[in-house]
Amino acid sequence: MISRNQRGTISISMLLLVAACSSGGTEVVTGGTGGQLRVVNGSQAVAAVQVFVDGAPVSSSSFATGVISSVFAVDSGEHLVEFRPVGGGAGNAQMAEFAPNKLVLAVAVDSGGRLTPAIMADTNSIVPAGATKVRVANLAQNAGRIDIWRTQPDFGTPIRVEFPFLYGTISPYLQSTPGNWNVLVSDTVATNAGPNPGMPDTLGASDAFSVPEGALRTVLVVDKPGGGVKFVVVNP
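Residues numbered from 1 in each chain as written. Predicted model: local features only at pLDDT ≥ 70, side-chain atom pairs only at ≥ 80, totals over all residues. Heavy atoms only, no water.

Points about the overall build of the protein chain
- Counting its secondary structure elements, the protein chain contains zero helices and 19 strands.
- The buried share of the protein chain, reckoned over its 236 residues, is 47%.
- For the protein chain, the share of sequence-separated contacts (at least 6 apart) that also reach a separation of at least 24 residues comes to 65%.
- Roughly 10200 Å² of accessible area belongs to the protein chain as shown, and the carbon and sulfur atoms make up 51% of that amount. (Helix = DSSP H or I, 4+ residues; strand = E, 2+ residues; numbered from the N terminus. Buried < 20%, exposed > 50% of the residue type's maximum accessible area, 1.4 Å probe, protein only. Contact = heavy atoms within 4.5 Å. Areas by Shrake-Rupley, 256 points an atom, 1.4 Å probe, with all protein chains shown as cover.)

Some points on the side chain of Asp110
- Take Asp110: it is sitting in strand β9 (residues 103-111).
- Within the structure, Asp110 has its side chain in polar contact with the side chain of Ser43 (distance 2.5 Å).
- Each residue touching Asp110, except ones within four places of it in the same chain, is listed here: Ser43, Gln44, Ala45, Leu115, Gln141 and Tyr167. (Polar contact = N/O pair within 3.5 Å; in protein donor to acceptor, adjacent residues only side chain to side chain.)

Details of the environment of Pro85
- Secondary-structure assignment places Pro85 in strand β7 (residues 77-85).
- Along the backbone, Pro85 and Leu115 are 30 residues apart, and their C-alpha atoms lie at a distance of 7.8 Å.
- Beyond its immediate chain neighbours, meaning those up to four positions away, Pro85 contacts Val46, Ala48, Ala90 and Leu115.

Comments concerning the pairing of β9
- Within β9, eight of the nine residues are buried, leaving the element largely enclosed by the surrounding structure.
- As paired strands, strand β2 (residues 36-41) and β9 are joined by six bridges and run parallel to one another. Residue Asn41 lies in a different strand from β9, and its bridge partner there is Ala108.
- Sheet topology places β9 next to strand β10 (residues 114-120); seven bridges connect them, and they run antiparallel. Across the sheet, the residue bridging to Leu105 is Met120, located in β10.
- Where β9 folds back on β10, the antiparallel hairpin that results is connected by two residues, among which Gly112 adopts a positive phi of roughly 60°. (Pairing = 2+ DSSP bridges.)

Quick notes on the pattern of salt bridges
- Under the counting rule described, the total for this entry stands at two salt bridges.
- Put simply, Asp147 and Arg160 hold a salt bridge, and the shortest N to O gap is 3.3 Å. Of this pair, Asp147 sits in strand β12 (residues 146-152) while Arg160 sits in strand β13 (residues 155-160); the two residues are 13 residues apart in sequence, bridging distant segments of the chain. For the pair Asp147 and Arg160, a shared accessibility class is recorded, and that class is buried. (Salt bridge = Lys/Arg side-chain N within 4 Å of Asp/Glu carboxyl O.)

What to know about the nonpolar core
- The biggest cluster of nonpolar side chains holds 19 residues, and the ones touching the most others in it are Val136, Ile148, Val183, Phe209, Val219 and Val221.
- Membership of the second largest hydrophobic core comes to 17 residues, among which are Leu37, Val49, Val74 and Ala108. (Core = buried A, V, L, I, M, F, W, Y, C linked by side-chain atoms within 4.5 Å.)

A short note on the environment of Phe63
- Looking at the element boundaries, Phe63 is found in strand β5 (residues 63-64).
- In this structure Phe63 comes out as buried when scored by relative accessible area, which is 8%.
- Leaving out residues up to four positions away in the same chain, Phe63 has contacts with Val39, Asn41, Ala47, Ala48, Val49, Val51, Ser69 and Phe72.

A look at unusual backbone geometry
- Residue Pro164 is bonded to the preceding Phe163 through a cis peptide linkage, with omega at -5°.
- By the element assignment, Pro164 lies in the loop between β13 and β14 (174-176).
- Here the phi dihedral of Asp54 falls at roughly 55°; this positive angle occurs in a residue that is not glycine.
- The topology assignment puts Asp54 in the loop between β3 (48-53) and β4 (56-57).
- What makes Asp54 partly exposed here is its relative accessible area of 46%.

Below is the structure:
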């Protein structure tokens with residue numbers, strides 16, 4: 001299935017996070033030990049954000065739209081995570097549970113005129129032997145009503161990830177065998193059509209990303225500055 005952009009509704013690029021350096025369009029972030037927090041600025045309303053935990057900044061750095069942070073160490077336990085616009089202003093805070101060797105991914109999204117963290121905890125993340133897992137989050141507020149599909153190593157026909165897949169939805173982890181996954185976007189298909197009704201014209205598709213045995217990935221669909229969306233594949 002190839003990308004079709006004739007209608008101009010969505011154009012997709014992908015940032016694949018796989019190692020410890022960056023080059024061109026690839027930004028790399030890897031996990032660490034202890035309580036871990038990584039953040040992504042998915043806001044289109046705020047050009048740059050700062051991140052606070054329990055009211056204290058976790059870094060002096062700010063993060064532009066689409067930027068993914070390195071990993072910040074956070075003490076175990078429950079903590080309030082908040083994004084604030086650079087230059088002043090407050091955002092909504094969300095509680096997140098931190099535990100050793102568990103990654104919490106927080107994405108700044110626009111909600112009701114305020115920045116709000118979409119918290120993705122490391123839930124159901126144990127990968128059985130001989131398997132891989134991928135989950136997808138629709139954080140593209142400006143994309144409208146879209147469906148998000150995937151192909152996976154043991155099934156090459158596109159399957160809807162979840163339906164309806166509305167803005168703000170985070171799927172559970174999907175399990176397959178080791179190998180290449182793809183994530184694709186289309187117009188919305190009727191919600192009563194089942195998980196595999198036959199995909200309409202593809203509006204955009206990620207590059208294939210390989211997931212080795214025992215590993216998992218989180219795929220964020222976020223708004224692209226200037227219009228459209230992009231996929232961010234996060235490797236913890």
